[in-house]
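# Survey of secondary and tertiary structure
Here is what each chain is made of, one letter per residue.
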Amino acid sequence: MQAPDFSEDTDLCSRVIKRMQLTGFKPENIAKFTTVRGYVSAVGLPPIVQLPYLVGAFNALFVSVGQPVPNTIRLSLNQTRDPGNWIQDVEQIVLPFILANEEAFFN
């Protein structure tokens, strides 16, 4: 698999939202995610600073459901501090999991 196209100018917030749109999340659920505190705090910051805020946003989403989230999902969020590797894990592991359980996470 080819490494993701990533540079210091990559906006992780935009990448997450674009991937949510491309993979079929409902527009109203994307809008809900953009109101999560960690996401709001991350917008406009450099990618290396966005990363911990976005980890917090996803964790807040997981906590809101009140059900256990598989360790592989949590590890993929917390294991790396490199924005390029992190966004790849989010796009390939985290977002598909959330999409498969979209109703639970956004209702």
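Structure first, text after, so check above.
Quantities reported herein were computed from a predicted structural model and do not represent experimental measurements.

## Some points on the environment of Thr35
Position of Thr35 among the secondary structure elements: in the loop between helix H2 (27-33) and helix H3 (37-42). Since its relative accessible area comes to 59%, Thr35 is described here as exposed. Between the C-alpha atom of Thr35 and that of Ala57, which follows or precedes it by 22 residues, the distance is 9.4 Å. A polar contact is formed between the side chain of Thr35 and the backbone oxygen of Lys32, at a distance of 2.6 Å.

## Points about the environment of Val90
Its place among the elements puts Val90 in helix H6 (residues 83-100). In this structure the C-alpha to C-alpha distance between Val90 and Val55, which are 35 residues apart in sequence, comes to 9.7 Å. Excluding anything up to four places from it in sequence, Val90 contacts Val16, Phe58, Leu77, Leu95 and Pro96.

## Let's talk about the pattern of salt bridges
Going through the model one piece at a time under the given rule, you end up with 3 salt bridges. Notably, a salt bridge pairs Arg19 with Glu91, separated by 3.6 Å at the nearest N-O pair. On the criterion of sequence distance, the pair formed by Arg19 in helix H1 (residues 12-23) and Glu91 in helix H6 is long-range, its members being 72 residues apart. Judged by its relative accessible area of 29%, Arg19 falls in the partly exposed class. Salt bridges linked by common partners bring Arg15, Arg19 and Glu91 together as one network.

What counts as what
Residues numbered from 1 in each chain as written. Predicted model: local features only at pLDDT ≥ 70, side-chain atom pairs only at ≥ 80, totals over all residues. Heavy atoms only, no water. Helix = DSSP H or I, 4+ residues; strand = E, 2+ residues; numbered from the N terminus. Buried < 20%, exposed > 50% of the residue type's maximum accessible area, 1.4 Å probe, protein only. Polar contact = N/O pair within 3.5 Å; in protein donor to acceptor, adjacent residues only side chain to side chain. Contact = heavy atoms within 4.5 Å. Salt bridge = Lys/Arg side-chain N within 4 Å of Asp/Glu carboxyl O.

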